[in-house]
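# Structure assessment
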Amino acid sequence: MKPSILNKPELKEARRRTKELVSTIEFSIPASAMHLGDGKRYTIHTYGCQGNEADTERIKGILEEIGYAYTEDETKSDLIILNTCAIRANAENKVFGELGRLKHLKVANPNLLLAVGGCMPQEEVVVEKILKTYHQVDLVFGTHNIHKIVEYLEILSGKKTKVVEVESQQGDVVEQLPAIRTSKHKAWVNIMFGCDEFCTYCIVPYTRGKERSRDPQHILDEIDQLVQEGYQEITLLGQNVNSYGLDFQDKKYSFAMLLTDIQATSIPRVRFTTSHPKDFSMDLIDVLSKGKNLMPYIHLPVQSGSNKILKMMNRKYTKESYLTLIQSIKQAIPGVSITTDIIVGFPGETEEDFLETLDLVKHAGFEGAYTFIFSPRSGTPAAMYEDFTPVEEKKTRLQRLNVLVNEQFKSGNERFEGQEVQVLIDGFSKTNQQVLSGYTPHNKLVNVVGDASLIGKTISVHIKKAKTWSLDGELLHDKT
Ligand code: SAH
Ligand code: SF4
Ligand code: F3S
């Protein structure tokens, strides 16, 4: 079948960075499409990071605005979207598996539209594979053109055709996208898109385009709106939030300045992710030390403790400078909880390099870490590096690292035993429907017996016992 649009990604183009001005696009729905989804249902599955979760909320917003209704039941769905992640091979394999599984639904319902969006379509190899092998896919779109999904659905409606459109240019900023937010009290707020770091292992700068910051006023307006809607917590999103504002050509306005302005709003809790250690400024530490609604929890990916490996990764800091940074943060924010991301088995990582990582984990006192085995991503420099370490050895290193990380996770919980903490209640615990769960300012998971009326509220809890992954507490009184 000949596609109506066939616009494939180009890695070379995606790698390009210019000083070209970023344009801001105001989203709107064409009048012709206002009722396109009336009576129809859609399902969406999300893989990957918070950025993708936030994108899914926008896709839902757009679809519901044109009449689609959400369903979990794929057999009743007219449109199934996979919002995908390209960060590691196993993330991608899951999606290819899903596509295989969904094929039979197309047989049962020939009108079903199957769409693949997100980071995977930004890769040349993935689009080629979909075109060659996964004929059941009707629509392929990327991270830069979510706002054009209505246009694509119009082309596909009632016709037997395909749309493959992936843009590899640096990307725009799209404002006024509607959203159906998953939580009624916690919200994602994008502050910037893209990444210019080009860590040698990472596909994100290719899948998300150039670093581009949202206008501060747009961000503050969104936060005001969330406050009015009763939201209790926001998480500011960007691949490297510390370089927020560096791309502004008309003003000097940094992440520290943004946080200062957000500190003055009445949103009760503010978090942000992810910080790159190289851009963590003294100004930023200074703002954070004033606390208020800025939570004493920082996720600061280190990736490795070996200076040799950090250099090969293009991380632009050393083990020593990282530890000095951690010291400054801990001094400025007493009791702060710090977590990290670590990659083991990077090409050329020796036992000695790995021991440096273990040593760093101890000295930094991380209270949690996402740990990964290096996964070569096609088109990134590290995918070409010579790698002599057998996969079994990498798995053993991962296990050894996890033993240490888990011990520190537990000690991080233990320091709250006997204390009174403020918990923003998310809902009932996954494992027990009598028990509520939520997070403390330090991002510790707390379980406490209580009723549904407390969901979305911040309550005082007395911590009785620390377990490895969570804290058990007792309700003191309702703060609100
Ligand atoms: N922008 C964030 C991280 C985004 S990706 C940052 O710089 O910290 C989340 C994590 O996935 C990374 O921190 C890294 O630990 C891991 N990761 C990225 N690429 C990877 C790869 N090719 N193989 C294994 N892990 C990877
Ligand atoms: Fe990837 Fe590095 Fe950018 Fe993070 S900072 S998204 S790890 S390139
Ligand atoms: Fe994955 Fe894309 Fe996020 S690759 S981690 S979904 S930016």
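Note that the coordinates shown come from a computational prediction; the quantities given were computed from them, not determined experimentally.

Near ligand 1, the surroundings consist of 15 residues, among which Gln-239, Pro-301, Gln-303, Asp-341 and Ser-375 are the closest. One of the backbone nitrogen or oxygen atoms of Gln-239 is found 2.8 Å away from a nitrogen atom of ligand 1. With respect to ligand 1, the side chain of Asp-341 contributes an N or O atom lying 2.7 Å from an oxygen atom. Here ligand 1 has 540 Å² of accessible area as a free molecule, and 90% of this is covered by the chains. Here the shell around ligand 1 is composed, by residue class, of seven nonpolar, four polar and four charged.

All right, on to the packing of helix H11 (residues 319–332) against helix H12 (residues 351–364) then. Two packed helices can be described by the angle between their axes and the distance between those axes. Packing of H11 against H12 leaves a shortest axis separation of 10 Å and a crossing angle of 15°. If you check the angle between H11 and H12, you find them roughly parallel. The chirality of how H11 crosses H12 is right-handed. Between H11 and H12, the contacting residues are Lys-319, Tyr-322, Leu-323, Ile-326 and Lys-330 on the first element and Glu-356, Asp-359, Leu-360, His-363 and Ala-364 on the second. In terms of residue class, the contact of H11 with H12 is made up of five nonpolar, one polar and four charged.

Pairing between the strands of a sheet comes from backbone hydrogen bonds, and it takes one of two forms, parallel or antiparallel. In spatial order, the strands read S1-S8-S7-S6-S5-S3-S4; together these seven strands make up an open sheet with parallel pairing. Looking along the sheet, the strands with just one partner apiece sit at the ends: strand S1 (5–7) and strand S4 (69–70). The pairing of S1 with strand S8 (residues 163–165) spans three bridges and is parallel. Each residue of the ladder has a partner; that of Ile-5, found in S8, is Val-163. The strands touched by helix H5 (residues 149–156) are S1, strand S5 (79–84), strand S6 (113–118), strand S7 (139–141) and S8; relative to S7, the strand with the most contacts, the crossing angle is about 160°.

In the structure shown here, the tally under the stated rule is one cavity of 30 Å³ or more. Size it by volume and the largest cavity reaches roughly 30 Å³. Along its surface, the largest cavity is lined by Ala-54, Glu-57, Arg-58, Arg-181, Trp-188 and Asn-190. Every element with two or more residues in the lining of the largest cavity is listed here: helix H2 (50–65) and strand S10 (186–190). The biggest single contributor to the lining of the largest cavity is H2, with three residues. When its residues are assigned to classes, the lining of the largest cavity shows two nonpolar, one polar and three charged.

Basis of the calculations
- Residues numbered from 1 in each chain as written.
- Chains lettered and ligands numbered in written order.
- Predicted model: local features only at pLDDT ≥ 70, side-chain atom pairs only at ≥ 80, totals over all residues.
- Heavy atoms only, no water.
- Near = heavy atom within 4 Å.
- Polar contact = N/O pair within 3.5 Å; in protein donor to acceptor, adjacent residues only side chain to side chain.
- Areas by Shrake-Rupley, 256 points an atom, 1.4 Å probe, with all protein chains shown as cover.
- Nonpolar A, V, L, I, M, F, W, Y, C, P; charged D, E, K, R; others polar.
- Axes fitted to C-alpha atoms, helices over the stretch in contact; angles between N-to-C directions.
- Helix = DSSP H or I, 4+ residues; strand = E, 2+ residues; numbered from the N terminus.
- Parallel < 35°, antiparallel > 145°, perpendicular 65-115°, else oblique.
- Left-handed = near helix turned anticlockwise from the far one by under 90°.
- Contact = heavy atoms within 4.5 Å.
- Pairing = 2+ DSSP bridges.
- 1 Å grid on protein atoms, 1.4 Å probe; cavity = no way out; pocket = protein on both sides within 12 Å on 5 of 7 lines; lining within 4 Å.
- Points joined across faces, edges and corners; volume = space filled by probe spheres on them.

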